[in-house]
Amino acid sequence: MIGMSGVMFNQKIDPNRPPQHRWSGVHRRGLLLATVLAVMTVAGLGTWYAQPTARPSIAEQTNLSVSEGKSQQVTAYRSASCGCCKGWLDHLRAEGFSVVNHVVENLEEIKVSHGVPGDLASCHTATLAGYVIEGHVPAEAIHQLLRQRPAVAGLAVPGMPFGSPGMESALRSESYTVFSFTRDGSFTPFFHVKA
Amino acid sequence: MAMDFHFGRRSFLGLAAGASASVAGAALLGRSAPMASGPSRVRSSGGRLEMDLVAAETAVTIANAPRMALTYNGLLPGPLLEAEPGDAVRIRLHNRLNRPTNLHYHGLHISPSGNADNVFLSVAPGASQTYDFSLPADHPAGTFYYHPHRHGSVADQVFGGLGGVLIVRGALDRIPEVQAAQEQVVFLKDLPGDGDFGSMGMGMMLGREGAVLTVNGQVNPALSIPAGGLLRLRIVNGSNARFWRLALEDHPFNLIATDGGALETPVQLDELLLAPGERAEVLVRGDQQGGRYRLLNLPYARGSGGMMGGMGRSRGMGMGMGMGRGMGMGRGSAQQGPVPVATLAYEGSVATLPLPERLLPVVPLPEPVRTRRFLLNHGMAPGMGMVFLINGRAYEHGRIDTRVQLGDTEEWELVNDGVMDHPFHVHVNPFQVISRNGTPESYRAWKDVVLVRAGETVRIRTRFDDFTGLTVYHCHILDHEELGMMGTLEIAA
């Protein structure tokens, strides 16, 4: 599987990073991207759907307590035939989370009501232990969130990076960043995954 | 950056017999100070164009700042090549990259086999490949485009900077008004910003766009037009995925040529949309009262209607995908609106030149002997995961997807039932667009890339002339090509 690194970004040390307020705010236009991404995953998929291959859970690999995951319930919202959304939920189940799966038509409203910054939008939205989880966030980042319990609203992987859980591809994988975001809509890198 | 160029130097010395190399190309390309490891313009002479192209990662200067980019002969864009119909072309490609590469002569009507426009050739790192072909004596004049086409590395290499312009001079250039125009190449390329591109939702799925918008390898270069005169822009979209929607303040474009050469008459346009791989030639009239005018890149949503508004936002973020200062840039409102990419200034004056009334015939193709349908989309394929598809299949090397007969005229119905635009490119033979969503095209033109918008059906007509062999058709958002949206075409005798 793709190599995952731990925290690569430190929230305090980058002098070039602009103040967070410059990134803040919920953008409706950005949320439209979410709708697009959701439709993208629906379009043309039909019954095609690749089951992720079985592999050791990250909890097992990292000697985390599996019960830590098991104790957590993920409530997910996605559109009807979003194949890569289902793939992400399978990934979470394999990592010991229990999943409540809601198929909805008003995904954009759900993103707004959960305070997902438009620029971080992806094709599905979930809640877990009081946090919002947007997009193809890998379980390892969620475990880190649950260990550290930072004062953030949630985590997000914007777009649909190839190689992220649910977006596996035999052809490519991409590096991507998991962002944490706050209620005021600002966000900062939380976890980095190398291709 | 010093470059190992001993073989190139010898070759360039040897050029004199076969071609003339000129630093005047710097002026035509608008380069102020090319970091050249060779001439920036190579013209055929005595019916021959012979040269070396070294693909390497080299230092370039963009917006007064040094950075690394993938270049040909240290140049971004690569040297401007100029040939005439009937010319013999010999290009020795030297791969100094760390991944395999090759060359595609985008838009040329030449053989897809052997050492010609053979995209199945693979030039390993450190290896060289000599390309040898002749332009047909009746090859149309136009603005063409050379770039890598090695499946597996093409998108990264084009995104990283590789590409150049190849001009074929012919009948169009001999039309008096066109001949009198001042000529200017406009090579459009967005380059990755510093840092981790793709992290803000603009990954390969949508197609990577770069943060740095360049014209001829420069940020907002100065272009000039003589008062009263005509400026002929030869515009090439050399981007991986970015669509360029151009407008020039107070100056309409007079379109005189598309991908495959001249139109029958100029078509006046307020703006010009070019998908990756597309080219256009326009005449601009110097009929204003002097001053400076911005060439603008207008926002474009690569999808269907208002629903894709989010793509606009995403484009904005694409502008600043770096983790550092770039990200702040990306949030600027300017990225939601027009971005100046070059500035046109009046310089000197000439006797007032009229636009040409007639250009060249564009002969309609005969009725097709066959109609085929190509369905463009993406999806999860068993055992593959997320892929881009043509007729439900991802590209597979060695599999022939479409077999056609030399000399046949066919109509291809290109159906995009996805939610992202896909510019469809066919190698070797140009085509004419017949209709879009059933509406006949308003003028006849030769194309080799046609934009098929999300939800759109475009009918094109083509004839498989002169050359047999294997070649390809594909989405020219090169990330989508890499991810499967390509098919192999066999043209059989």
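Caption draft 1: Just the overall build of chain A, in detail. Scanning chain A for helices and strands turns up 6 helices and 7 strands. The linear arrangement of helices and strands in chain A, starting from the amino end, is α-α-α-β-α-β-α-β-β-α-β-β-β. Per-residue burial over chain A gives 52% buried out of 195 residues. For chain A, the share of sequence-separated contacts (at least 6 apart) that also reach a separation of at least 24 residues comes to 69%.

Caption draft 2: Spatial organisation of the pairing of strand E3 (residues 125–128) of chain A. Residue and element names in this part refer to chain A. Relative to E3, strand E1 (residues 73–78) is paired through 4 bridges, and the arrangement is antiparallel. Within E3, the residue paired with Tyr77 across the bridge is Thr125. Across 4 bridges, the pairing between E3 and strand E4 (residues 131–135) is antiparallel. Of the residues in E4, the one forming a bridge with Thr125 is Glu134. Here E3 hands over to E4 after 2 residues, with Ala129 in that stretch at a positive phi of 50 degrees.

Caption draft 3: Main features of the sheet that holds strand E32 (residues 486–492) of chain B. Residue and element names in this part refer to chain B. With respect to topology, 5 strands assemble into an open sheet ordered E24-E32-E31-E26-E29, the strand pairing being mixed. Each end of this open sheet is capped by a strand with a single partner; those strands are strand E24 (402–405) and strand E29 (449–452). Strand after strand, the sheet turns through a mean of 25 degrees between neighbouring axes, direction not considered. Bridge analysis of strand E31 (residues 469–475) against E32 gives 6 bridges, and the strand direction is antiparallel. The residue bridging Thr471 from the neighbouring strand is Leu489, located in E32.

Caption draft 4: Representation of the domain arrangement of chain B in the model. All names here are of chain B. What the domain assignment lists for chain B is domain 1 (6–169), domain 2 (176–349) and domain 3 (370–492). Contacts between domain 1 and domain 3 engage 15 residues on the former and 17 residues on the latter. Considering only residue class, the side of domain 1 that touches domain 3 consists of 8 nonpolar, 6 polar and 1 charged.

Caption draft 5: How the structure looks around the pairing of E1 of chain A. Of the strand pairs in this sheet, E1 of chain A and strand E2 (residues 98–103) of chain A are connected by 6 bridges, and their pairing is parallel. Note on E2 of chain A: the bridge partner recorded for Val74 of chain A is Val99 of chain A.

Caption draft 6: Layout of the environment of Arg93 of chain A. Here Arg93 of chain A is to be found in helix H4 (residues 83–94). Each C-alpha atom of the pair Arg93 of chain A and Ser122 of chain A lies 20 Å from the other, and the pair is 29 residues apart in sequence.

Caption draft 7: Inspection of the nonpolar core at higher detail. Ranked by internal contacts, the top residues of the largest apolar core, which has 167 residues, are Cys84 and Leu155 of chain A together with Ala55, Ile256, Val282 and Val284 of chain B. It is strand E3 (residues 48–62) of chain B that contributes the most residues to this core, 7 residues altogether.

Caption draft 8: Representation of the sheet that holds strand E25 (residues 409–416) of chain B in the model. Residues and elements named next belong to chain B. Read across the open sheet, the 6 strands follow the order E23-E22-E25-E30-E27-E28; overall the sheet is mixed. A single partner strand is all that each edge strand has here, and the edge strands are strand E23 (385–390) and strand E28 (439–440). Summarising the sheet, E25 and strand E30 (residues 457–463) pair through 7 bridges and their orientation is antiparallel. Looking at the pairing, Leu414 lines up with Val458 of E30.

Caption draft 9: Examining unusual backbone geometry more closely. Residues and elements named next belong to chain B. The step from Leu76 to Pro77 runs through a cis peptide bond, and the omega angle for that step is -5 degrees. Mapped onto the elements of the fold, Pro77 is located in the loop between strand E4 (65–72) and strand E5 (80–83). A positive phi angle, close to 55 degrees, is found at Asn73, a residue other than glycine. Note that Asn73 resides in the loop between E4 and E5. A positive phi angle is found at Val428, which is not glycine, with a value near 75 degrees.

What counts as what
Residues numbered from 1 in each chain as written. Chains lettered and ligands numbered in written order. Predicted model: local features only at pLDDT ≥ 70, side-chain atom pairs only at ≥ 80, totals over all residues. Helix = DSSP H or I, 4+ residues; strand = E, 2+ residues; numbered from the N terminus. Buried ≥ 20, exposed ≤ 12 C-beta atoms within 10 Å, placed from the backbone. Contact = placed C-beta atoms within 7 Å. Pairing = 2+ DSSP bridges. Axes fitted to C-alpha atoms, helices over the stretch in contact; angles between N-to-C directions. Domains from an automatic or database assignment. Nonpolar A, V, L, I, M, F, W, Y, C, P; charged D, E, K, R; others polar. Core = buried A, V, L, I, M, F, W, Y, C linked by C-beta atoms within 7 Å.

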